[in-house]
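# Observations on chain architecture
These are the residues of each chain, in order.
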Amino acid sequence: MELRHLRYFTTLAETLNYTRASGILYISQSALSQQIVDLEEELKTTLFLRTKRSVELTDSGKILLEEARKVLRQVEQLTFAVHESTSFTSKANSILVGLEIGSVHDFYLRRAITNRIFSLRERDSSLQVNILVYEHNALIQALENQAVDVGFFLHQQPVIKQHTELTSLVLYKDEMVLAICSQQALKDTPSTLQNILLYKGIILLEKEERGMYQVMRILEELKIEPSIHFVPDRETMILSVENGDRATVLPSCILNEIQNPYKQILHFGVSCAKLYCLAVWQPGNHNPLIMELVNSVRGSYKNIS
């Protein structure tokens, strides 16, 4: 048994969906399925009950999930301990930056971060920077373990509520909007929004669980049940919108990915569509570069907007 088997198993056990799990792991569904089969054969037990419509954990699977999480946490702690002993020797000229995967596509945020780091490098050539992309929960854990100095999130609340030991600062406010390409000028009204949702339908990414959950909340509040088409990657989603096939729901800060001149934006007008770009760090982390980077990013975005 290898660690990758435990990671594959844990991801599938937490999503109970082969499509979503394979997307998170960046492997094919067939490869994931084979890894699970290999693990079951090695353990000589069935870990999942599979039907055409559902995946469920067996009792053996539930036991393994609990133990696998412990093992993976221990590995992360060991990795962090080794990293701390061998990595940057001076916190004064090094910083570890984490980007939640949803925030990576925010052009303005990404530019503000990289521009500031570039200017810091010009000032101090010995500066050492690591920028890594994480899933939401993995970035929170990395902040808690101090494997990351500061993290940047697109979040539905102005704070990371379930982790009160972390400091959250709102860099800017955003919202989920409906994006569609149409030669006809559309009025940004509830009736237009409803007609598009009902007659066009929307296209969403199947692996973005947090974003999908927010979209479902928005639709529930609007009491609209449009047809939804799921795709495995962002490129397919953007192409479908640009060719006029369907609409999509995205944070407004990410809409620069849609380059079609007929792009139009409609607003939902509900509170659950709100988003916040957050900088998050541990209050006990006294790396001076944290606030230098955070304040610069915050100021850069004000200048852009």
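Above this text is the structure in question.
Worth saying up front: this structure is predicted, and the values here are computed from it rather than measured.

Another point: the environment of isoleucine 218. With respect to the secondary-structure elements, isoleucine 218 resides in helix 8 (residues 209-222). It is 6.3 Å that separates the C-alpha atoms of isoleucine 218 and alanine 273, two residues lying 55 residues apart in sequence. Excluding anything up to four places from it in sequence, isoleucine 218 contacts Met176, Phe268, Val270, Cys272 and Ala273.

Below, the discussion takes up the nonpolar core. Ranked by size, the top nonpolar core spans 27 residues in total, and within it Val150, Phe152 and Leu171 carry the most contacts. Among the secondary structure elements, those contributing two or more residues to this core are strand 3 (94-100), helix 5 (107-123), strand 5 (150-155), strand 6 (167-181), strand 11 (274-281) and helix 10 (288-304). With 6 residues, the single largest contributor to this core is helix 10. With near-sequence residues (within four places) excluded, valine 150 lies in contact with Ile95, Leu96, Val97, Gly98, Leu143, Val280, Trp281, Ile290, Leu293 and Val294. Core analysis: the next-biggest nonpolar cluster, separate from the first, contains 20 residues, Ile196, Leu197, Leu219 and Ala247 among them.

Let us now look at the packing of aromatic side chains. Evaluation of the coordinates by the stated rule reveals 2 aromatic pairs. Measuring from centroid to centroid gives 5.5 Å for phenylalanine 9 and phenylalanine 48, while their planes differ by 55°, and the two rings are tilted. Of this pair, phenylalanine 9 sits in helix 1 (residues 3-15) while phenylalanine 48 sits in strand 1 (residues 48-50); the two residues are 39 residues apart in sequence, bridging distant segments of the chain. The exposure class of phenylalanine 9 is buried, given its relative accessible area of 0%.

So, how was this worked out
Residues numbered from 1 in each chain as written. Predicted model: local features only at pLDDT ≥ 70, side-chain atom pairs only at ≥ 80, totals over all residues. Heavy atoms only, no water. Helix = DSSP H or I, 4+ residues; strand = E, 2+ residues; numbered from the N terminus. Contact = heavy atoms within 4.5 Å. Core = buried A, V, L, I, M, F, W, Y, C linked by side-chain atoms within 4.5 Å. Buried < 20%, exposed > 50% of the residue type's maximum accessible area, 1.4 Å probe, protein only. Phe/Tyr/Trp six-rings, centres within 6.5 Å; stacked < 30°, edge-to-face > 60°.

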